[in-house]
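# Examining the three-dimensional arrangement
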Amino acid sequence: MISIQVPDNKKIYFASDQHLGAPTPDVSFPREQRFVRWLDAVKQDAHAIFLLGDLFDFWFEYKTVVPKGFVRVLGKLAEIKDSGISIYFFVGNHDLWMCDYFEKELNIPVYHRPKEFKINNKIFLLGHGDGLGPHDKGYKRMKKVFTFPLFKWMFRWLHPDLGVRLGQFMSVKNKLISGDDDARFLGEENEWLVQYCKRKLTSKHYDYFVFGHRHLPLNIKLNEESTYVNIGDWVKYFTYGVFEGGTMFLKEDE
């Protein structure tokens, strides 16, 4: 567990599901500009920033090549990190092939599974949220295939011009691979992440579960002391999370 003590005049920010590059680079470019402006704004009082996955709609790292584009957001993240603000990155189902590029080039740690953080004495479980909870078995099987070392090795043998183009096409077109869900609230009994959080609470206390993936801004009380927060996205809602003064809440970028 990583412990973070936030000074009184600082905040923790959370963002997820920007899907930069989708459905085309030209269409997503205004979203990238908007997200960069948001990063520029929150750096004024941010103690740390958590990016909870699917920053890119497709990302695959070859040993010496990464996908073309995204220089503005990558440059802004580098600037913020170099200024002394901590950034934590969790891979999503669209950028699950991330390896060590962020760690080596930006000095930003990358997590492939949910991780516990203690922030001002509040216990958080953070992650992207894909493949958690009951059901969704088709996606879970597909994820095992795409994260299998042999598959990644075989894909890496494709020339990047072919591999990246193929990956981008599959990511946008195939909902099973992309893990897209209908962006509507299904009710607590049918929200898999809600069920996952409740099951985790049977063995350990958490103050906040914070995930992305669902593309829906949600703030659900699980019991008197625990809350599930879904960050939403930067495709439709442009929402983000803020932890300030011991409380987690959602806001919309204006």
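See above for the structure.
Residues numbered from 1 in each chain as written. Predicted model: local features only at pLDDT ≥ 70, side-chain atom pairs only at ≥ 80, totals over all residues. Heavy atoms only, no water.

Over its 12 residues, helix H2 (residues 71–82) extends 16 Å from the first C-alpha to the last, a length consistent with the 16 Å expected when each residue adds 1.5 Å. Buried residues of H2: Val73, Leu74, Lys76, Leu77, Ala78, Ile80 and Lys81, and no others. Contacts made by the buried residues of H2 are with helix H1 (25–42), strand E3 (46–51), strand E4 (86–90) and helix H3 (101–106). Looking at the residues trailing H2, positive phi occurs at glycine 84, about 105°. (Helix = DSSP H or I, 4+ residues; strand = E, 2+ residues; numbered from the N terminus. Expected span 1.5 Å × (residues − 1). Buried < 20%, exposed > 50% of the residue type's maximum accessible area, 1.4 Å probe, protein only. Contact = heavy atoms within 4.5 Å.)

The next subject is the sheet that holds strand E8 (residues 208–211). The six strands are arranged E1-E6-E7-E8-E10-E9 in an open sheet whose pairing can be described as mixed. The outermost strands of the open sheet, each flanked by one partner alone, are strand E1 (2–4) and strand E9 (217–221). Looking at each pair of strands side by side, their axes are set apart by 20° on average, direction ignored. For E1 and strand E6 (residues 115–119), the ladder comprises three bridges, and the chain directions are parallel. (Pairing = 2+ DSSP bridges. Axes fitted to C-alpha atoms, helices over the stretch in contact; angles between N-to-C directions.)

The next thing to look at is the nonpolar core. Taken as a class, soluble globular proteins show a tendency for nonpolar side chains to be buried jointly. Ranked by internal contacts, the top residues of the largest apolar core, which has 33 residues, are Val73 and Phe102. Taken together, the elements giving at least two residues each to this core come down to strand E2 (11–15), H1, E3, H2, E4, H3 and strand E11 (239–244). Among the nonpolar cores identified, the runner-up in size contains 20 residues, and Leu52, Tyr88, Tyr208 and Val229 belong to it. (Core = buried A, V, L, I, M, F, W, Y, C linked by side-chain atoms within 4.5 Å.)

To continue, consider the pairing of E3. The buried fraction of E3 is high, at five of six residues. By the bridge criterion, five bridges tie E2 to E3 in an arrangement that is parallel. The residue bridging tyrosine 13 from the neighbouring strand is isoleucine 49, located in E3. In this fold, E2 hands off to H1, which returns the chain to E3; that crossover is right-handed. Judged from the four bridges that link them, E3 and E4 form a sheet pairing that is parallel. Looking at the pairing, isoleucine 49 lines up with isoleucine 87 of E4. Tracing the backbone out of E3, into H2 and back to the parallel element E4 gives a crossover that is right-handed. (Right-handed = clockwise from strand over helix to strand, strands pointing away.)

So, on to the sheet that holds E4. The strand order E5-E4-E3-E2-E11-E12 describes an open sheet built from six strands, whose pairing is mixed. Edge positions in the sheet fall to strand E5 (110–111) and strand E12 (247–252), since each of these pairs with one other strand and no more. Two elements, E4 and E5, share two bridges in a ladder whose sense is parallel. Bridge pairing in E5 places phenylalanine 90 opposite tyrosine 111. Against the sheet, H2 contacts E3 and E4, and its axis sits at roughly 135° relative to E4.

Nothing here speaks to function; it is all geometry.
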